[in-house]
Amino acid sequence: MAESLLARKYVDGIYIPLGLLVVGTAIVKREWTAYALLLGVVLGGIKYYNSLPKIALKPDVFQDFELKEKTIISHNVAIYRFSLPSPSSILGLPIGQHISIGAALEQPDGSTKDIVRSYTPISGDHQPGHFDVLIKSYPQGNISRHMASLAVGQTIRVRGPKGAFVYTPNMVRHFGMIAGGTGITPMLQVVKAIIRNRAAGDRTQVDLIFANVTEQDILLREDLDQLAREDKGFRVHYVLDKPPAGWQGEVGYKYLPKPADDVKILLCGPPPMVGGLKKAAESLGFQKARPVSKLEDQVFAF
């Protein structure tokens, strides 16, 4: 959301100094008032431009970003916080898109190969100065294992934005989301944007089905539950492959909205899961999903 030109920082930092300059000049030397006004407008314009957040991402160029903080979530999951060039810098990532993380990694044969993988930050441009990425490290993973080995102060290479999905307020009446494991990250990005935009009139309803193997595998559960408590338009439903005794979670697709022109299904998770969900969505009456999703599709897979 664009910041109002009547914000306090502009009043104190631009308008009041400009007014004092013009009034003071008019008192001391009235014939110079017009020049003082012109000078004030130029200086105010420069100060306004310098105060605007600078976008850090470049779509075609990898840049180095330093690891500022590493928060361990479990034995193989962590949140990595990377610094942006300045405290006022923003990543510049549209809601629903992702970044590419690349590294030159040694291969089993001793050679080095550039590996690139896509990730969706769980932070947003409303949080300047840094960006956060939630990553689960796999034994056979390339970038995920590399990330797990990083120490604070080391850097990664990032470029972007990438992706066919860009969220805009009220683009649909109702989202049905199904996520598996770390596939929760693009969903969380969209959900947070919807809730932030409520005051500006975003009425989008969201039902999120979050699938995991065990209860311990549920990532960011406290955050999701807190968002659901705060916003009645967002509901989260947990599904487990191996539920514990007495599990009170959900089963099946009963919480998905009914097919309609103003309803969209979002999918993200392991490829076999997404492939099965595309077929399931079609059997429920949604339009057949394409192999590669486009923004206008009723069933969109990240």
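The structure displayed is predicted, hence computed values, not measured ones.

**As for the nonpolar core**
In a soluble, globular protein the nonpolar side chains are often hidden away together inside.
Next up, step 1: Counting 35 residues, the largest nonpolar core has Phe 175, Met 177, Leu 208 and Phe 234 as the members making the most contacts within it.
Next up, step 2: Every element with two or more residues in this core is listed here: β2 (77-83), β7 (174-180), α4 (184-196), β8 (205-212), α5 (221-230), β9 (234-240) and β10 (263-268).
Next up, step 3: The element best represented in this core is α4, accounting for 8 residues.
Next up, step 4: Sequence-distant contacts of Leu 208, that is, excluding residues within four places in its chain, are made with Met 177, Ala 179, Ile 184, Met 187, Leu 224, Phe 234, Arg 235, Val 236 and His 237.

**Observations regarding the sheet that holds strand β4 (residues 112-119)**
Next up, step 1: One open sheet holds the 6 strands; their spatial order is β4-β3-β6-β1-β2-β5, and the pairing between them is antiparallel. At either margin of the open sheet sits one strand with a lone partner, and together these are β4 and β5 (130-136). In this sheet, neighbouring strand axes are inclined to one another by 40 degrees on average, regardless of whether the strands run parallel or antiparallel.
Next up, step 2: By the bridge criterion, 6 bridges tie strand β1 (residues 63-74) to β2 in an arrangement that is antiparallel. Counterpart to Ile 72 in the pairing with β2 is Ala 78.

**Some details on the UniProt feature "binding site: FAD" (unreviewed entry) in the chain**
Next up, step 1: The UniProt record annotates "binding site: FAD" (unreviewed entry) at Arg 117, Tyr 119, Leu 134, Lys 136, Ile 143, Ser 144 and Thr 185.
Next up, step 2: Note on placement: Arg 117 falls in strand β4.
Next up, step 3: Accessibility expressed as a relative area gives 39% for Arg 117, which makes it partly exposed.
Next up, step 4: Apart from residues no more than four positions distant in its own chain, Arg 117 is found in contact with Ile 99, Ser 100, Ile 101, Asn 142 and Ile 143.
Next up, step 5: If we skip the residues at most four places from it in the chain, Ser 144 touches Tyr 119, Ile 135, Lys 136, Ser 137 and Tyr 138.
Next up, step 6: Side-chain polar atoms of Ser 144 contact the backbone nitrogen of Tyr 138, separated by 3.2 Å.

**Here we look at the UniProt feature "domain: FAD-binding FR-type" (unreviewed entry) in the chain**
Next up, step 1: Per the UniProt record, "domain: FAD-binding FR-type" (unreviewed entry) is annotated on residues 60-168.
Next up, step 2: The straight-line gap between the two end C-alpha atoms of residues 60-168 is 24 Å; of that span, 6% is helix and 47% is strand.

The rules we used
- Every residue gets a number counted from 1 within its own chain, in the order that chain's sequence is written.
- Local features in this predicted model are restricted to residues of pLDDT 70 or higher, and side-chain atom pairs are both shown and tallied only at a pLDDT of 80 or more, whereas totals for entire chains, interfaces and linings draw on every residue.
- As a rule here, side-chain values cover all heavy atoms of the structure and leave hydrogens and water aside.
- To define a nonpolar core, start from buried Ala, Val, Leu, Ile, Met, Phe, Trp, Tyr and Cys residues and group those joined through side-chain atoms within 4.5 Å.
- Buried means the residue's accessible area, taken with a 1.4 Å probe over protein chains only, is under 20% of the maximum for its type, while exposed means over 50%, and partly exposed covers the values in between.
- Numbered from the N terminus, helices here are DSSP runs of H or I no shorter than four residues, and strands are runs of E no shorter than two.
- A contact between two residues is defined here by any heavy atoms of the two lying within 4.5 Å.
- Any two strands with at least two DSSP-identified bridges between them are counted as paired.
- For helices, the fitted axis covers only the stretch in contact; all axes are lines through C-alpha atoms, and the angles between them, taken along N-to-C directions, range from 0 to 180 degrees.
- UniProt positions are given in the numbering used here, feature names are shortened, and annotations may be inferred rather than shown by experiment.
- Identification of polar contacts relies on pairs of N or O atoms within 3.5 Å, with a donor-acceptor requirement for protein atoms, meaning one able to donate a hydrogen and the other able to accept it, and with residues adjacent in sequence counted only if both atoms are side-chain atoms.

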